[in-house]
Amino acid sequence: MALLETDKVTMRFGGLTAVSELDVRIEPGEIVGLIGPNGAGKTTAFNVITGMNRPTAGRVRLDGKDVTGLARHEICRRGIARTFQNIRLFRELSVLENVLVGCHAHVAPGVFSSALHLPGYRRREREARDFAFALLREVGLEGNADDLAVALPYGKQRRLEIVRALATRPRLLLLDEPAAGMNPQESVELMHLIRRIRDQFQLTVLLIEHHMQVVMGVCQRIYVLEYGETIAHGDPAAIQNDPKVIEAYLGAG
Amino acid sequence: MTVDTAQRRRRHHLLTAAAAVAFALFLLVADRTFDAFSLRVLNLCGIYVVLALSLNLVNGFTGLFSLGHAGFMAVGAYTSALLTMTPAEKELNFFLEPIVPWLAAVTVPFPLALVAAGAVAAALGFVIAAPALRLRDDYLAIATLGFAEIIRVVLTNLQPVTNGALGLKGLPRFAGTGVVWTCAALTVLFMVLLVRSAYGRALKAIRDDEIAAAAMGVDVFRTKVVSFTISSFMAGVGGALLGHVLTTIDPKMFTFMLTFNILLVVVLGGIGSITGSVIASFAVTVLMEALRFLDGPLALRIGEFELFRTEARPGLRMVVFSAFLMAVVLFRQRGLMGTREFSWSMFSRAGLLPRRRGGDAAGGTHGAA
């Protein structure tokens, strides 16, 4: 069964159709790309899948279960985590604390159990701390654990966003332009990182990316959007030679 | 954890305990030796600590701009007053219209009334939170402000329960130094523990980025409601204490000005700093009283020779106070403490604590002690 399935998902804002009848099927363990020119509706598709927007029509299913219109935190708890195109870290929290917020649902703190530091809470919090530290080590951020998130350089902030999403223990990870602003060297490292975490955490990854080297290098399948419509879909080689895709990116020749 | 940090932590805990004992002793001595006026100012400081922390929980740590505090304080003050006054005193107060029969005979012990004051305010806060917390920023501020005014108007017009605009006089003087400062200490302790816990982390995450917090699995709305309700509880207790210190309450006491005063303390101390709220509670309460001479006639003398004399100008105190506030906001935009907390490491870094084997240089800045 497909891990994620969108069934004719349509999202309209007033007269603008941002996403039109999107049909995406992602099998467990895949790395799938979502590409298209600016304004094609890629991020809107992410927002619909993660519950930030309720679709105008269509259904989103995770593991065959309908998750359309569930609250954002509920969707996260069901196993979909995401990063953001414009980095959204908790600015005044430390790097470690940022990751610990990702563990929130697993620590499940009640206001009094955590204020009174009851034993059950203390144990879960300790486990979360160990887990968060292990994750930070995984991406080489353990040395920054006590720094404020805003104080990190850009590339590390991007990595922290991924780690924070991993802390929610997702099955499906949505990455919104993870390579934005990265130099070629960093992009290659990012590709390795994505593959590594996929294998290590048994993840399925859906990523939006403009960086073609990254998309073609890491994705097994690719969906191409333009003006909200899905204009092509297939493996990287097929996409690269698809006339419609070439036209969308380069203009009609 | 290395042996060194463990040692340092133990030392800091000892220092904290010592400071707490020292302050308790000071209160004990003050309670015996201070005159009535000074003691009242001291107790007002304690009440402001409770109120400022209550507002800081919502405004500073959860990032909700709420201006409804006076309303919750009023509810707390009236609840506690009506539950503790003797039937005879109630009869004396309600001379226009008799009090409703089910309240006339009720008299409960003060601690119970204090908890009830908090509980009623919290219940009201919970009810208000559901619609109001769907709003954000300025809209939330206006909505909460509106709710506080509604509460005040209801209290003014609910003659058989609240005695209306006449207010209540002769509240038992229960809120002595011990009670006030026990409440203040409990509030500080609760806030420190909460803010450093996973729940506090979730609050700060919501403050920093609500969308990201929700995407990380934090139930944003529910967490906000809990924060708002707890804050209302504290405000209710603070209001009750205020009533029992002043021994007179009426609806006009609980206007927006009261909320503004507390907001002033929070902003001055640092939005999102427990230490800041505590320091500013003292600073504002003491300054408000210490500057009172400015409201009377002023004279400038050298020896016996009087240079000039001005007439009494009531309100001049507030002019000076506002200037002081502007100076703070200009030079320290994020309040006295920003979002930082007091820690013993600050002292050792500044060389104010004796060093032990040079181990103290790199202490954490975030541990509130």
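The structure displayed is predicted, hence computed values, not measured ones.

On to the overall build of chain B, then. Helix and strand counts for chain B come out as 16 helices and four strands. Over its C-alpha trace chain B gives a radius of gyration of 22 Å, about what one expects of a compact globule, namely 21 Å for 369 residues. Each of the three principal axes of chain B carries a C-alpha extent, and together these read 70 × 70 × 40 Å. Scored against the burial criterion, the 369 residues of chain B give a buried share of 43%. Relative to all contacts within chain B whose residues are 6 or more apart in sequence, the contacts with residues 24 or more apart total 79%.

This next bit is on the overall build of chain A. Across its full length, chain A carries eleven helices and ten strands. Principal-axis analysis of the C-alpha atoms gives chain A an extent of 65 × 40 × 35 Å. Restricting to contacts in chain A with at least 6 residues of sequence separation, those with at least 24 account for 67%.

Relative orientation and spacing of two packed helices are given, respectively, by the angle between their axes and the distance between those axes. Residues and elements named next belong to chain B. With their axes 6 Å apart at the nearest point, helix α3 (residues 69-84) and helix α12 (residues 220-246) run at an angle of 55° to one another. Comparing their axes, α12 and α3 come out oblique. Where α3 crosses over α12, the handedness of that crossing is right-handed. In this structure, α3 contributes H69, F72, M73, A74, V75, G76, A77, T79, S80 and A81 to the contact, and α12 contributes S232, A235, G236, V237, G238, G239, A240, L242, G243 and H244.

Attention now moves to the nonpolar core. All names here are of chain B. By size, the foremost hydrophobic cluster in this structure holds 166 residues, and its most contacted members are V50, A52, A213 and L241. Considering each element in turn, this core owes the most residues, 14 residues, to helix α2 (residues 36-61). If we ignore the near neighbours within four places in the chain, the residues touching L241 are I47, V50, A175, V180 and C183.

Turning our eyes to something else, we now look at the sheet that holds strand β8 (residues 204-208) of chain A. Residue and element names in this part refer to chain A. Judged by pairing direction, the sheet is mixed, and its six strands sit side by side in the order β6-β7-β8-β3-β9-β10 without closing on themselves. The sheet is open, and its two borders are formed by β6 (80-82) and β10 (229-234), each paired with just one other strand. Here the average twist between neighbouring strands, direction ignored, is 20°. When strand β9 (residues 221-226) meets β10, the two strands line up antiparallel, connected through five bridges. Counted as the bridge partner of Y223 is H233 from β10. On top of the sheet, helix α11 (residues 243-250) reaches β9 and β10; it is set at about 125° to β10, its chief contact.

Below, the discussion takes up the packing of helix α6 (residues 110-132) of chain B against α12 of chain B. Residue and element names in this part refer to chain B. Running from N to C, α6 and α12 point in directions that differ by 145°, and their axes come no closer than 7 Å. The element α6 and its partner α12 pack so that their crossing is right-handed. Contacts from L114, A117, G118, V120, A121, A122, L124, G125, F126, A129 and A130 of α6 reach α12 at V225, F228, T229, S231, S232, F233, A235, G236, V237, G239 and A240. A per-class count over the contact of α6 with α12 returns 15 nonpolar, seven polar and no charged.

Taken together, the contact pairs 27 residues of chain A with 25 residues of chain B. Residue assignment for the side of chain A that touches chain B shows that the elements contributing at least two residues are α2 (72-78), α3 (95-102), α4 (104-107) and α5 (111-115) of chain A.

What follows concerns the sheet that holds strand β5 (residues 65-66) of chain A. Residue and element names in this part refer to chain A. Reading across the sheet, the four strands line up as β2-β1-β4-β5 and stay open at both edges, with antiparallel pairing between neighbours. Pairing within the sheet leaves two strands with one partner each, and these edge strands are β2 (16-26) and β5. As judged from the two bridges shared by strand β4 (residues 57-62) and β5, these two strands associate in the antiparallel manner. Residue L62 lies in a different strand from β5, and its bridge partner there is K65. Along the sheet, helix α1 (residues 42-49) contacts β1 (4-13), β2 and β4; its crossing angle with β2, the most-contacted strand, is approximately 65°.

Residue and element names in this part refer to chain B. The end-to-end C-alpha distance of α2, which contains 26 residues, comes to 36 Å, matching closely the 38 Å that a straight helix rising 1.5 Å per residue would cover. The largest bend in α2 is about 30°, located at L55. Looking at the residues trailing α2, positive phi occurs at G63, about 75°.

All names here are of chain A. Direction of pairing for β1 relative to β4: antiparallel, over a ladder of five bridges. By the bridge assignment for β4, L4 is matched with L62. Linkage of β4 to β5, two consecutive antiparallel strands, is achieved through a turn of two residues, within which D63 is found at a positive phi near 60°.

This part takes up helix α9 (residues 177-195) of chain B. Residues and elements named next belong to chain B. If you check α9, its first and last C-alpha atoms are 27 Å apart, about what 19 residues at 1.5 Å a residue would give, namely 27 Å. Turning to α9, its buried residues number three or more, namely V180, W181, C183, A184, T187, M191, L194 and V195. Buried residues of α9 fall within an arc of 160° about the axis and therefore sit on the same side.

To continue, consider unusual backbone geometry. The backbone of D63 of chain A shows a phi angle near 60°, a positive value even though the residue is not glycine. Looking at the element boundaries, D63 of chain A is found in the loop between β4 and β5. The backbone of T247 of chain B shows a phi angle near 65°, a positive value even though the residue is not glycine. Structurally, T247 of chain B can be placed in the loop between α12 and β2 (248-249).

Another aspect to go through is the pairing of strand β3 (residues 298-302) of chain B. Consecutive residues of a regular strand have side chains that alternate between opposite faces of the sheet. Residue and element names in this part refer to chain B. Counted residue by residue, β3 has zero buried out of five residues, so it is predominantly exposed. Taken together, the five bridges between β3 and strand β4 (residues 305-310) define a ladder with antiparallel strand orientation. Bridging across to β4, A299 finds its partner in R309. The antiparallel hairpin formed by β3 and β4 contains two residues in its connecting segment, where G303 sits at a positive phi of about 65°.

The next point concerns the confidence of the model for chain B. When pLDDT drops low, the exact placement of atoms in the prediction is not to be read closely. All names here are of chain B. Here chain B averages 88 in pLDDT, while 94% of its residues score no lower than 70. Predicted confidence is poor over residues 357-369, with pLDDT under 50, and the contacts of this stretch with residues over four places away or in other chains come to 31 contacts. For this predicted complex, the interface confidence score (ipTM) comes to 0.92, while the overall pTM stands at 0.90.

What counts and what doesn't
Residues numbered from 1 in each chain as written. Chains lettered and ligands numbered in written order. Predicted model: local features only at pLDDT ≥ 70, side-chain atom pairs only at ≥ 80, totals over all residues. Helix = DSSP H or I, 4+ residues; strand = E, 2+ residues; numbered from the N terminus. Rg over C-alpha atoms; globule rule 2.2 N^0.38 Å. Buried ≥ 20, exposed ≤ 12 C-beta atoms within 10 Å, placed from the backbone. Contact = placed C-beta atoms within 7 Å. Axes fitted to C-alpha atoms, helices over the stretch in contact; angles between N-to-C directions. Parallel < 35°, antiparallel > 145°, perpendicular 65-115°, else oblique. Left-handed = near helix turned anticlockwise from the far one by under 90°. Core = buried A, V, L, I, M, F, W, Y, C linked by C-beta atoms within 7 Å. Pairing = 2+ DSSP bridges. Nonpolar A, V, L, I, M, F, W, Y, C, P; charged D, E, K, R; others polar. Expected span 1.5 Å × (residues − 1). Bend = angle between axes of the 7 residues up to and from the residue. Arc of directions from axis to C-beta. pLDDT = per-residue confidence, 0-100.

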